[in-house]
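As a plain string of letters, each chain reads:
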Amino acid sequence: MNTLTIAWISLPFLIGFIIYLLPRLDKYLALATTIISLAYSLLLFSQSSPITLNLLDNYGVKLVADQLSAYFILTNALVTMAVILYNWESSKTAFFYAQAIILHGSINSVFVCEDFISVYVALEVISIAAFLVIAYPRSDRSLWVALRYLFISNVAMLFYLIGAVLVYKANNSFAFAGLKGAPPEALALIFMGLLVKGGIFVSGLWLPMTHSESETSVSALMSGVVVKAGIFPLLRCALILEDLDPLIRLLGVLTAIFGVSYAVFEKDSKRMLAFHTISQLGFILAAPVVSGFYTLTHGLVKSCLFLLAGVLPSRNFKELQQQSIPNSLWIALVVASFSISGFPLLSGFGAKALTMKNLVPWQEIMINLVAVGTAISFAKFVFLPHAGGESKQKLTIGFWIAIILLLATLFLSNAVYVEAYNLPNLIKALAVIGAGWLLYLVVFKKLSLKLSRVWEQFDHLIGMMSITLVLLFWIVLA
Amino acid sequence: MTIPLLELFVFATVLCGFLGIFLKKNLIMKIIAMDVMSTGVIAYYVVISSRDGLFTPILGTVRQQNYADPVPQAVILTAIVIGFSIQALMLVGVMKLAKDNPTLDSAEIEKNNTP
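Everything numeric here is computed off the predicted structure, so don't read it as measured data.

### A short note on the overall build of chain B
Moving on, step 1. The secondary structure content of chain B amounts to 4 helices and 0 strands.
Moving on, step 2. Along chain B, from the amino end to the carboxyl end, the secondary structure elements read α-α-α-α.
Moving on, step 3. Dimensions of chain B along its principal axes, counting C-alpha atoms only, are 65 × 30 × 20 Å.
Moving on, step 4. A total of 115 residues make up chain B; the buried ones form 39% of that total.

Here it is, written out as structure tokens:
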């Protein structure tokens, strides 16, 4: 299994380069790589004990693959697979597939790392690969969005590096566990880097524009898996060190509230999805123990929604309400929206129930409010007018295979937590959705409040980093 | 008392770079400020690795006691390479942007490319 793990980590990078050499096989090679990742994650689920690989003497450079990693890897494999299928009949060149697979590989490696330096390297490779896929259309806007993304994540990672060496200074080891003996400033610096990278709370304000202005398939990739690479190390730290658990839970709740309060007012479908990603990242952090399942359902449903939003006739909800969308598209949208709102029969329900069960009491009421907010946000999709007829944009077979793959997995992964199906949970889920829809129809549908985008300007984003740093330092010292 | 002084300089460099990133208006200057910041971070790794000594950690015939710690140096080499490639990528991006709209003012570029 150890050899297999190493082979699996290096494979995507190798394939990435081979795609350049054999550009005709690009899609097939890329698809094969994601299938291998899928198989590996399933194999990992069947392992009873975690796989540990000590790479470098005793400086704490090591890899650990366990059940939590398996969920994240499965998400990554499925989302990348769906994106490749979505682009099957497009005119994307081998360059795109090569970068997508390198991105896939670097995300995979974050999910098995257990020390700060390996995580750093993997996160930086993600930044570079993500920059290249965002800038793929070569338009001015895509270049600016990509540049902004790379700039912000690189600055955050520089702070992270200072934190990493402080951990080394205290323990002579880069392992996550060393955070315990490290000075508070190390913790603040490392967390600041990861919060920015993962799009958590106010440091996540770079995320809406990056995710909404990218191409459809890139948005799906970014929202589905790339941000998860930023929060995985946070979850790992919270699970290894008991002391950090309350901090991560607090950040989770704050992020969930922050993201959803933007999402309910948003009038642009892709921006709404992006803000909603922030709020869902909060859900994942709110209960670190069961974060794997939530990540899986969120990754699948969000990439599916981004792919669907890409083929809608307009991005503006006001315009969408004026025209009817084809029934087939509407059904897919409704299934995905139901899953994310936590409707029974779809795995979003199980994931929400499992997360709720693992909350500490003070979190519960706020997370429930956020769940209502989610239902409000997605009522915007559910109540779109629909009719028979064809879509104006031609929908390819690859598109439908991708959507069906994602939605079918959402049904199947119900099996992870079947115990969720009891009466109180069912009533609660329906009540939350009912309340959300009612609020949407009565209040939010007519409301036209436009939230300022000033805070998303580049200089403010960088400035916000210093504020986050001070806040974190303050919390850690307290 | 040499090390604290060195650390002070290193952190001053990091801070200058960081301030430059949002105080400078020109996009190229922002990127250079980021480079200053990363130089500071790299220097900090070197300072940390020279805590116990300054000698190159290579085994030779003459036994030295005060070797420098090789691990942070090895680690920061990777970071230098990554930083360099990111810098190169960003400059190429800026070149392309500046060719299409003849300005390097970041606020201007941002205004043109934000919906």
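### Details of the overall build of chain A
Moving on, step 1. Within chain A, the secondary structure is distributed over 19 helices and 4 strands.
Moving on, step 2. Relative to the compact-globule value of 23 Å for 478 residues, chain A shows a C-alpha radius of gyration of 21 Å, a close match.
Moving on, step 3. Across its three principal axes, chain A shows a C-alpha extent of roughly 65 × 55 × 45 Å.
Moving on, step 4. A separation of at least 24 residues holds for 81% of the contacts in chain A among residues at least 6 apart in sequence.
Moving on, step 5. When the accessible surface of chain A is split by element, carbon and sulfur atoms take 69% of a total near 16300 Å².
Moving on, step 6. Charge-centre separation for chain A: the mean point of 29 positive side chains lies 8 Å from the mean point of 22 negative side chains.

### As for helix 15 (residues 347-357) of chain A
Moving on, step 1. The buried fraction of helix 15 of chain A amounts to 10 of the 11 residues, a majority that puts the element mostly inside the structure.
Moving on, step 2. Every buried residue belonging to helix 15 of chain A is among S347, G348, F349, G350, A351, K352, A353, L354, T355 and M356 of chain A, and all of these are buried.

### A closer look at the interface of chain A and chain B
Moving on, step 1. Facing 40 residues of chain A, the contacting portion of chain B comprises 40 residues.
Moving on, step 2. Regarding the contact of chain A and chain B, the summed buried area is about 3800 Å², with carbon and sulfur atoms giving 76% of it.
Moving on, step 3. Inspection of the chain A/chain B interface yields 2 salt bridges.
Moving on, step 4. At the boundary of chain A and chain B, one finds 6 residue pairs in polar contact (both at pLDDT 80 or more).
Moving on, step 5. Secondary structure elements with two or more residues in the side of chain A that touches chain B: helix 5 (116-134), helix 6 (140-171), helix 8 (207-213) and helix 19 (458-477) of chain A.
Moving on, step 6. By residue number, the principal contributor to the side of chain A that touches chain B is helix 6 of chain A, which donates 19 residues.
Moving on, step 7. Among the residues making up the side of chain A that touches chain B, the classes are represented as 26 nonpolar, 4 polar and 10 charged.

### Overview of a nonpolar patch on the surface
Moving on, step 1. Taken together, the side chains of F383, L438, L439, L441, V442, V443, L447, L449 and L451 of chain A present a nonpolar region at the surface, about 700 Å² in accessible area.
Moving on, step 2. Examined against the element boundaries, L451 of chain A turns out to sit in the loop between helix 18 (423-444) and helix 19.

### Comments concerning helix 2 (residues 27-49) of chain B
Moving on, step 1. With 23 residues, helix 2 of chain B extends 34 Å between its outermost C-alpha atoms, agreeing within 8% with the 33 Å of an ideal straight helix rising 1.5 Å per residue.
Moving on, step 2. Between the side-chain oxygen at the start of helix 2 of chain B and the backbone nitrogen of I28 of chain B there is a gap of 2.8 Å, and the oxygen is on N26 of chain B.

### Some thoughts on the pattern of salt bridges
Residue and element names in this part refer to chain A.
Moving on, step 1. Scanning the entire structure with this criterion turns up 14 salt bridges over all chains.
Moving on, step 2. With a closest N to O distance of 2.6 Å, R236 and D66 form a salt bridge. Of the two residues, R236 sits in helix 9 (residues 216-240) while D66 sits in the loop between strand 2 (61-65) and helix 3 (67-86), which places them 170 residues apart along the sequence. With respect to burial, R236 and D66 carry one shared label: buried.
Moving on, step 3. Of the charged contacts in the structure, one is a salt bridge between D243 and K180, with a shortest N-O distance of 3.3 Å.

### Structural notes on the nonpolar core
All names here are of chain A.
Moving on, step 1. Membership of the largest hydrophobic core comes to 224 residues, with the highest contact counts inside it found for V155, L179, F191 and F381.
Moving on, step 2. Broken down by element, the residue count for this core peaks at 22 residues, all from helix 6.
Moving on, step 3. Among all residues touching L179, those that are not within four sequence positions of it are F116, V167, L187, I190, F191, C237, L241 and L244.

### Description of the confidence of the model for chain B
Moving on, step 1. When pLDDT is averaged along chain B, the result is 89; 97% of the residues meet or exceed 70.
Moving on, step 2. Predicted confidence in chain B is weakest over helix 4 (residues 106-113) of chain B, with a mean pLDDT of 88, and strongest over helix 2 of chain B, with 94.

### Description of the packing of helix 2 (residues 26-46) of chain A against helix 3 of chain A
Residues and elements named next belong to chain A.
Moving on, step 1. Contact geometry of helix 2 with helix 3 gives a least axis separation of 8 Å together with a crossing angle of 160 degrees. When the axes of helix 2 and helix 3 are compared, the pair comes out roughly antiparallel. In this structure, the crossing between helix 2 and helix 3 has a hand that is left-handed. On helix 3, the residues touching K27, A30, L31, T34, I35, S37, L38, Y40, S41, L42, L44 and F45 of helix 2 are Q67, S69, A70, Y71, I73, L74, A77, L78, T80, M81, I84 and L85.
Moving on, step 2. Class assignment for the residues of the contact of helix 2 with helix 3 results in 17 nonpolar, 6 polar and 1 charged.

### As for the packing of aromatic side chains
Each aromatic ring pair is specified by the distance between its two centres and by the angle formed by the two planes.
All names here are of chain A.
Moving on, step 1. Per the counting criterion, the structure on display carries 35 aromatic pairs over all chains.
Moving on, step 2. Here the aromatic rings of F72 and F232 are separated by 4.8 Å at their centres, their planes lie at 70 degrees, and the arrangement is edge-to-face. Taken together, the positions of F72 in helix 3 and F232 in helix 9 put the pair 160 residues apart, joining distant regions of the chain.
Moving on, step 3. In this structure F72 comes out as buried when scored by relative accessible area, which is 1%.
Moving on, step 4. Under the relative-accessibility criterion, F232 is labelled buried at 0%.
Moving on, step 5. Clustering of aromatic rings is evident, with ring pairs tying together Y20, F95, F96, Y97 and Y136.
Moving on, step 6. Against the face of W88 rests K27, its NZ or CZ located 5.7 Å from the ring centre.
Moving on, step 7. Lying across the ring of F96, K92 places its NZ or CZ 5.1 Å from the centre.

### Considerations on the packing of helix 6 of chain A against helix 7 (residues 184-198) of chain A
All names here are of chain A.
Moving on, step 1. Across the interface, helix 6 lies against helix 7 with an axial gap of 7 Å and an inter-helix angle of 155 degrees. With respect to helix 7, the axis of helix 6 lies roughly antiparallel. Like other packed secondary-structure pairs, helix 6 and helix 7 cross with a definite hand, here left-handed. Here helix 6 contributes Y149, I152, S153, A156, M157, F159, Y160, I162, G163, A164, L166 and V167 to the contact with helix 7, which in turn contributes E185, A186, L189, I190, M192, G193, L194, V196 and K197.
Moving on, step 2. Here the residues of the contact of helix 6 with helix 7 sort into 16 nonpolar, 3 polar and 2 charged.

### Let's talk about unusual backbone geometry
Residue and element names in this part refer to chain A.
Moving on, step 1. Despite not being glycine, N172 has its phi angle at roughly 55 degrees, a positive value.
Moving on, step 2. Among the secondary structure elements, N172 is positioned in the loop between helix 6 and helix 7.
Moving on, step 3. On the basis of relative accessible area, N172 is assigned to the partly exposed category, the value being 42%.
Moving on, step 4. At L345, a position not held by glycine, the phi torsion is positive, near 85 degrees.
Moving on, step 5. Its place among the elements puts L345 in the loop between helix 14 (327-341) and helix 15.

Thresholds, definitions, all that
- Residues numbered from 1 in each chain as written.
- Chains lettered and ligands numbered in written order.
- Predicted model: local features only at pLDDT ≥ 70, side-chain atom pairs only at ≥ 80, totals over all residues.
- Heavy atoms only, no water.
- Helix = DSSP H or I, 4+ residues; strand = E, 2+ residues; numbered from the N terminus.
- Buried < 20%, exposed > 50% of the residue type's maximum accessible area, 1.4 Å probe, protein only.
- Rg over C-alpha atoms; globule rule 2.2 N^0.38 Å.
- Contact = heavy atoms within 4.5 Å.
- Areas by Shrake-Rupley, 256 points an atom, 1.4 Å probe, with all protein chains shown as cover.
- Lys, Arg positive; Asp, Glu negative; His and termini not counted.
- Charge placed at Lys NZ, Arg CZ, Asp CG, Glu CD.
- Buried area = accessible area lost by both parts, 1.4 Å probe.
- Salt bridge = Lys/Arg side-chain N within 4 Å of Asp/Glu carboxyl O.
- Polar contact = N/O pair within 3.5 Å; in protein donor to acceptor, adjacent residues only side chain to side chain.
- Nonpolar A, V, L, I, M, F, W, Y, C, P; charged D, E, K, R; others polar.
- Patch = residues over 30% accessible without salt bridge, like charges linked within 9 Å, V, L, I, M, F, W, Y side chains within 5 Å.
- Expected span 1.5 Å × (residues − 1).
- Core = buried A, V, L, I, M, F, W, Y, C linked by side-chain atoms within 4.5 Å.
- pLDDT = per-residue confidence, 0-100.
- Axes fitted to C-alpha atoms, helices over the stretch in contact; angles between N-to-C directions.
- Parallel < 35°, antiparallel > 145°, perpendicular 65-115°, else oblique.
- Left-handed = near helix turned anticlockwise from the far one by under 90°.
- Phe/Tyr/Trp six-rings, centres within 6.5 Å; stacked < 30°, edge-to-face > 60°.
- Lys NZ or Arg CZ within 6 Å of the ring centre and 35° of its normal.

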